[in-house]
Structure formats: structure tokens, C-alpha cells
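Residues per chain are reported as follows:
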Amino acid sequence: MEGWDPNTKSTLTQIPLLTTKAGPRDGAAWTQRLKEEYRALIAYTQMNKSNDNDWFRISAANPEGTRWTGKCWYVHNLLKYEFDLQFDIPVTYPATAPEIELPELDGKTQKMYRGGKICLTVHFKPLWAKNCPRFGIAHALCLGLAPWLAAEIPILVDSGMIKHKDDAASSNES
Amino acid sequence: MEVELKEMLDDLQSLRQSLSDPTLHASIDKLQSCVDHLTHLAKSVPVRRSKVKDMSAEVVDSNPYSRLMALQRMGIVENYERIREFSVAIVGIGGVGSVAAEMLTRCGIGRLLLYDYDKVELANMNRLFFRPEQVGMTKTDAAVQTLSDINPDVVLESYTLNITTVQGFETFMSSLRNKTFCPSKEGSGVDLVLSCVDNYEARMVVNQACNELNQTWMESGVSEDAVSGHIQLLIPGETACFACAPPLVVASGVDERTLKREGVCAASLPTTMGVVAGLLVQNTLKFLLKFGHVSPYLGYSSLKDYFPTMAMKPNPQCSNAACLERQKEYILAKPARDAEAKAKMEAEASTAAADLPLHADNEWNISVVDDSGLESTGGTSSDALPEGLIHELPSADEFQKPPASEALDTGIVDLEDLRRQLEALNAD
């Protein structure tokens, strides 16, 4: 965990760890795991709100809890940039992490695989492997997506690849 | 078209005869030779070759299998024609998978199952196989188009899906189980699965499926910096599975800190991918047609032209439950394996005894020592790696299961309650 900022580190220690090693094909054990995922996500969302650092919404898109959709946003130069967020729980979960997708940014940055999957190889995958099965969706958002947004969104905005929705609207009118 | 060209030639001929001025004959001749050339071109428009019922060893220009059947005549392969009975599944039709598919198609493999969810892009053109006019097609459709032209004898099945999703995985499993191509075959419906995917998640999924089906498979990979690669044979229960130890990759041989990773996720070269596809299919042919030595692991470092090899035994503490089951079965089957090996040795000994002794006297008391005792050191445990190989990811830390009381109180909470709590937080 060297090289991570103290804020992320202290947030991480407060997200409840998970204990059940189960994937979507594991029946009752998966239901148990899903409960732990919810507890961690609820705790993390509450923590973000009380620290005035609310930055995502996520909910299960199917009753089995294998597909998740929502929004995430990032504030740069006092402007809020919001993106659709989605991922599937892979059959080999939690041995492998969910592949987080921001479909609107597909093709706009090199730090992304096809389909809008964000590149997590260097900063996140080793951590996930080391902490299996204790890390869950909340940890993937905190350690995978949050640092990716912090690194990429300022570059994408400054280079003009993405525009704020107000700017985009006004340029359409003119 | 040929008829029109013929008429044109006739017209030119009569024109030439009716011309009184012989100085114009030269230009008429030139026109005639142009039409001749066009006629020749028109005759050579591509024709699809028809299916071949039996593989013939006859050496004629029109036999697509003569050079392959020659392997049999030269004593390399005992029965080459058996290749038509085999089914191979290729997962990932990218830089390695597509080339592997073409190689197996040209070798006359019986059936290929192709899996990919991606489309062909112009960014793929630095690799082999796909052509610019196929941009926008799914990789599976484009591959079937090219492969069925090259060799219509091969039965091609394509699956455009993502095997890591729950639904994709079910289809993947049932397609591997399907035995309609060769109902008499034991086990699953395929002889070998080749993993040619570009990420850890998909490899773990292939591993899961093959462990559950007790299916032998081969894994392949090219590094993100495009200068090294590897192939690995995985026999559930007998060799290490992909989850037994963190994945092994070839160290690139350059200082990792000097590598410029900024701004790019992956580089690729047609050369490295072609080499790895070649190594993979060579190992496949040796495995299927039973010749030579089938490599358990072969690495390729292009910067140093270094090819490390090794063998890995399964991890008795593997985190994959299906792997542990296969390991148990493998240990239980040991007496049967030993008996088979003994019978084979005796059969060989009896044929050898019929021959005259190789040496009439043995002045120096030289004898051949059985090296089966050395076998236990043959497979390396995961912590002792040969030079040039490294683990790609760390192992999971040891962790203690918390006391049962905590697990119990989480069990009481209803899943629906939790979902509502999160939705309430999401609402404001």
C-alpha cells in the first residue's frame, strides 16, 4: 500500500471487510456474500456522505446481483463531470475482480480496454489478488475506480476530449 | 466475360486482315496481346475448393494434404489422418487465437470452436490474419469467413459471447460438453481447449470450466510490452491449475522501472504473437497426434532469445475447489497408472529381448539406471522458479476466518432490507 495517499488509506480501513468466498454460481453462499457486499457498500456510501465526498451511486440491476449499474462523478475546476458506471460480477468472483466499465468514455483514453473497461492492471489488480476474498465491490470502487478518475478526468478535460454538460449544451445552441 | 473477350479477339483478327496499311499491324498486335492477358486473368478468378472426403497421401499439386500426409511417410507421425477426428476449442480470436485457428485449419483439424465477443478494428491490423475489409465484423464471423475459404473440410462453430459473465459461462460449458461431432469420445466433446485471451479474468474462467469438466487445456500469453510470451499445458489434477499459484510470466529482461507505461495499456507485435501461436499449435499437434515431447511450460523472451521451461505440480491448498477434486481423483488412479506403465515396459522389454544383445561383453560394468526416482524433483514447487520466470500477481495473504458468531449475525439480516438501505442512501 505504499504510494497511496493517507486519505484513501484511512477510508479503506473503515470499509468493512468481507469473509465469504463465493461467486454467483455458489447458491446460498453467494446470497451470504451479497449481504456482505451490501453492508460494505452501505458503510462506504454513508462514510462518503458524512465526509462530504459523495462520488457514486450503484445498485444491482438484476435480482441475482450479478450486474450492477449506476453513476459516478468527479469535480474538476469546480465543475462536476458525471458518467454512467456498470460492471458484471464474473463467474470466478472473488478470485478475479469485477471489470469496471465507463461506456461513455470508450475510445477517449488509452488507459481503457475495449467496451470502456478501465485499466486497473498496475494500481489495483495486485492489491485485489493479495486481499482475496476480503475485498468486495466497495473496495474495487475505492481503490480501482476513484484513483482512475482522479488521474484521468483532469487530463481528458484539459485536452478537450470531454466537455462539461453545460458547455456542450451552449455550443449546440450557438 | 470470357465469351465477350473471345469475340473481341475475333473482331481484332478480322480488322487486322482487312487493314491494308501494314504499319498499323503493330498496334493491333498489342491490343490482341492485351485481350489475351485479360482472358487469362478472367480464367483465374478465385474458385472455392470443394470438400475432400479422405486425406490422400498422393503427391500432386491439387492435393491440399500431400505435405501433411508426408509426415506419416517420414515416420514423424504414426497416423496423421486422425487429425480429422479431433475438436479444438479456441477461446479468444485475437492476435494469437486467430493465427492458431488458421494453422489448425490448414492442418485439416476436424472441428474448431471459436469464442470471442469483440469486433475487428483497424487497430488490429498490426497483427496477422484479419484484413482491413473485415473491420466492423465480429471476430468470430470474420474468422469463419476466412477459415471456411481456406479449408472447407473443417467444421467451424462460432460463439460470439463473453465467457466471464454468468450467462456466457453456461453457454461456454454446454458447448464444450456437446458430443454430437464424435459421440463415441470419452469425457467432454472437445479434445483440447486453447486459451488465447488477453486478460487474467478470462484465463481464470477457462481454468474454472476445464477443472469442472476435467478437460486438458493449454494456456498462452503475450506480455503487455509485446516482447515476451509463454505457453502452458494444464491437465486437471495432474499439473498445477491456473489458480494453484499466481500466473508465471517471462521477465522481459529490461529493468521494469525503465519501462514507459504512461498512457498505454498494451503494445503488440505480429512477430511475438506469431511465434507464440506457432509454439502453441506445435504443442497442440504433438499432444493430439502423439509425437515428440509435449512441453508443460515454455517461455519466450524475445529480447534475449531465451526459452525457459519448467513443470509445476498442483497445489494441495489450491483455492479452486474443482482443482482439489481432480487432484484427489488423480491420486486415487495412481495404482491403475502404475500397472499400465509396468505392462508397457514389459511389452517393450519382451520385444527387446527378442533382439540380439547390443553388446556381447560389458568390460566396465556399465548399466542403465532407472531414473524414475528422480521424478519427484522434476516438478518444481511454485516458490523455486527457474531463472527468467516471475509471478505476475502476489498470492492471497493468509487470513483467519472470523469466529462463527460474527458470521451468524450477518446471516440474520435480510438481503432485501440491505438492498432497500442502499437504495435509500442512493436516493438523496
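- As recorded in an unreviewed UniProt entry, chain B goes by the name Ubiquitin-like modifier-activating enzyme 5, listed as coming from Theobroma cacao.
- Turning to chain B, the UniProt record has this under Sequence similarities (unreviewed entry): "Belongs to the ubiquitin-activating E1 family. UBA5 subfamily."

- An unreviewed UniProt entry lists chain A under the name Ubiquitin-fold modifier-conjugating enzyme 1, from Theobroma cacao.
- Its UniProt record, at the heading Function (unreviewed entry), says of chain A: "E2-like enzyme which forms an intermediate with UFM1 via a thioester linkage."
- Turning to chain A, the UniProt annotation filed under Sequence similarities (unreviewed entry) states: "Belongs to the ubiquitin-conjugating enzyme family. UFC1 subfamily."

**Regarding the overall build of chain B**
Part 1 of the reasoning: Assigned secondary structure in chain B consists of 13 helices and 9 strands.
Part 2 of the reasoning: Looking at chain B residue by residue over its 428 residues, the buried ones come to 40%.
Part 3 of the reasoning: At a minimum sequence separation of 6, the contacts of chain B that also span at least 24 residues come to 65%.

**Considering the pattern of salt bridges**
Part 1 of the reasoning: Under the defined criterion, the tally for this structure stands at 26 salt bridges over all chains.
Part 2 of the reasoning: Ionic pairing is found between E82 of chain A and K80 of chain A, a salt bridge with its closest N-O pair at 3.9 Å.
Part 3 of the reasoning: The shortest N-O distance in the salt bridge between R420 of chain B and D417 of chain B comes to 3.2 Å. With R420 of chain B and D417 of chain B both in helix α13 (residues 415-427) and 3 residues apart, this pair spans about one turn of that helix.
Part 4 of the reasoning: In this structure D417 of chain B comes out as partly exposed when scored by relative accessible area, which is 35%.

**Details of the sheet that holds strand β1 (residues 56-60) of chain A**
Part 1 of the reasoning: Read from one edge of the open sheet, 3 strands run β1-β2-β3 (chain A), paired in antiparallel fashion. Edge positions in the open sheet fall to β1 and β3 (79-88) of chain A, since each of these has one partner strand only. Across the sheet, the mean angle separating the axes of adjacent strands is 10° when strand polarity is ignored.
Part 2 of the reasoning: The sheet contact formed by β1 of chain A and strand β2 (residues 67-76) of chain A spans 5 bridges and is antiparallel. Counted as the bridge partner of A60 of chain A is W68 of chain A from β2 of chain A.
Part 3 of the reasoning: Contacts between helix α4 (residues 137-158) of chain A and the sheet are confined to β1, β2 and β3 of chain A, with β2 of chain A contributing the most and set at about 45° to the helix.
Part 4 of the reasoning: Sitting on the sheet, α13 of chain B is in contact with β1 and β2 of chain A, with an inclination near 150° to β1 of chain A.

**Notes on the sheet that holds strand β6 (residues 228-234) of chain B**
Residues and elements named next belong to chain B.
Part 1 of the reasoning: The mixed open sheet is built from 7 strands, whose spatial order is β3-β2-β1-β4-β5-β6-β8. Where the open sheet ends on each side, the last strands, each with one partner, are β3 (155-159) and β8 (297-301). Neighbour to neighbour, the strand axes of the sheet diverge by 15° on average, direction disregarded.
Part 2 of the reasoning: With 5 bridges joining them, strand β1 (residues 87-91) and strand β2 (residues 111-115) adopt parallel strand pairing. In the sheet register, I90 faces β2, and the bridge partner there is L114.

**Quick look at the domain arrangement of chain B**
Part 1 of the reasoning: Taken domain by domain, chain B comprises domain 1 (2-44) and domain 2 (66-248 + 265-338).
Part 2 of the reasoning: Once you take the C-alpha centre of each, domain 1 of chain B and domain 2 of chain B turn out to be 55 Å apart.

**Observations regarding the environment of D36 of chain B**
Residue and element names in this part refer to chain B.
Part 1 of the reasoning: As for its placement among the helices and strands, D36 is situated in helix α2 (residues 25-43).
Part 2 of the reasoning: By relative accessible area, which is 44% here, D36 ends up partly exposed.
Part 3 of the reasoning: Residues D36 and F307 lie 271 residues apart in sequence; the distance between their C-alpha atoms is 54 Å.

**Structural notes on the UniProt feature "active site" (unreviewed entry) in chain A**
Part 1 of the reasoning: UniProt records the feature "active site" (unreviewed entry) at C119 of chain A, using the numbering of this structure.
Part 2 of the reasoning: Counting through the fold element by element, C119 of chain A comes out in the loop between β5 (117-118) and α3 (125-130).

**Regarding helix α7 (residues 200-213) of chain B**
All names here are of chain B.
Part 1 of the reasoning: Relative to the 20 Å expected for 14 residues at 1.5 Å per residue, α7 spans 20 Å between its end C-alpha atoms, a close match to the ideal helical length.
Part 2 of the reasoning: α7 sits mainly inside the fold: 13 of its 14 residues count as buried.
Part 3 of the reasoning: The backbone nitrogen of E201 has a side-chain oxygen 3.3 Å away, supplied by the residue at the start of α7, namely N199.
Part 4 of the reasoning: One or two positions beyond α7, positive phi appears at N214, with a value near 55°.

**A few points about the side chain of S295 of chain B**
All names here are of chain B.
Part 1 of the reasoning: Mapped onto the secondary structure, S295 falls in the loop between α8 (270-289) and β8.
Part 2 of the reasoning: On the accessibility criterion, S295 (12% relative accessible area) is buried.
Part 3 of the reasoning: Ignoring any residue separated from it by four or fewer positions in sequence, one finds S295 in contact with L233 and N283.

**Points about the nonpolar core**
Part 1 of the reasoning: Judged by nonpolar contacts, the single largest core of 51 residues is most densely connected at W68, L102, L141 and L145 of chain A.
Part 2 of the reasoning: If you list the elements that add at least two residues to this core, you get α2 (28-50), β1, β2, β3, α3 and α4 of chain A together with α13 of chain B.
Part 3 of the reasoning: Setting aside residues up to four positions removed in sequence, L145 of chain A forms contacts with W55, C72, L85, I100, L102, I118 and A140 of chain A.
Part 4 of the reasoning: With 43 residues, the next largest nonpolar core counts V77, I83, V88 and L280 of chain B among its residues.

**Remarks on the packing of α2 of chain A against α4 of chain A**
When two helices pack together, their arrangement is given by the angle between their axes and by how far apart the axes lie.
Residues and elements named next belong to chain A.
Part 1 of the reasoning: Relative orientation of the contacting elements α2 and α4 amounts to 45°, with a least axis distance of 7 Å. Considered as vectors, α2 and α4 are oriented oblique to each other. Of the residues in α4, those in contact with E37, A40, L41 and Y44 of α2 are I137, A138, L141 and C142.
Part 2 of the reasoning: Classifying every residue of the contact of α2 with α4 gives 7 nonpolar, no polar and 1 charged.

**A look at the interface of chain A and chain B**
Part 1 of the reasoning: Contacts between chain A and chain B engage 48 residues on the former and 48 residues on the latter.
Part 2 of the reasoning: Buried surface at the junction of chain A and chain B, summed over both partners, amounts to about 4100 Å²; 59% is from carbon and sulfur atoms.
Part 3 of the reasoning: At the boundary of chain A with chain B, the tally comes to 3 salt bridges.
Part 4 of the reasoning: Our count for the chain A to chain B interface comes out at 11 residue pairs in polar contact (both at pLDDT 80 or more).
Part 5 of the reasoning: Take the side of chain A that touches chain B: its biggest share by element is 11 residues, from α2 of chain A.
Part 6 of the reasoning: Its residues assigned to classes, the side of chain A that touches chain B comprises 22 nonpolar, 12 polar and 14 charged.

Conventions adopted
- Residues numbered from 1 in each chain as written.
- Chains lettered and ligands numbered in written order.
- Predicted model: local features only at pLDDT ≥ 70, side-chain atom pairs only at ≥ 80, totals over all residues.
- Heavy atoms only, no water.
- UniProt positions renumbered as here; feature names shortened; annotations may be inferred.
- Helix = DSSP H or I, 4+ residues; strand = E, 2+ residues; numbered from the N terminus.
- Buried < 20%, exposed > 50% of the residue type's maximum accessible area, 1.4 Å probe, protein only.
- Contact = heavy atoms within 4.5 Å.
- Salt bridge = Lys/Arg side-chain N within 4 Å of Asp/Glu carboxyl O.
- Pairing = 2+ DSSP bridges.
- Axes fitted to C-alpha atoms, helices over the stretch in contact; angles between N-to-C directions.
- Domains from an automatic or database assignment.
- Expected span 1.5 Å × (residues − 1).
- Polar contact = N/O pair within 3.5 Å; in protein donor to acceptor, adjacent residues only side chain to side chain.
- Core = buried A, V, L, I, M, F, W, Y, C linked by side-chain atoms within 4.5 Å.
- Parallel < 35°, antiparallel > 145°, perpendicular 65-115°, else oblique.
- Nonpolar A, V, L, I, M, F, W, Y, C, P; charged D, E, K, R; others polar.
- Buried area = accessible area lost by both parts, 1.4 Å probe.

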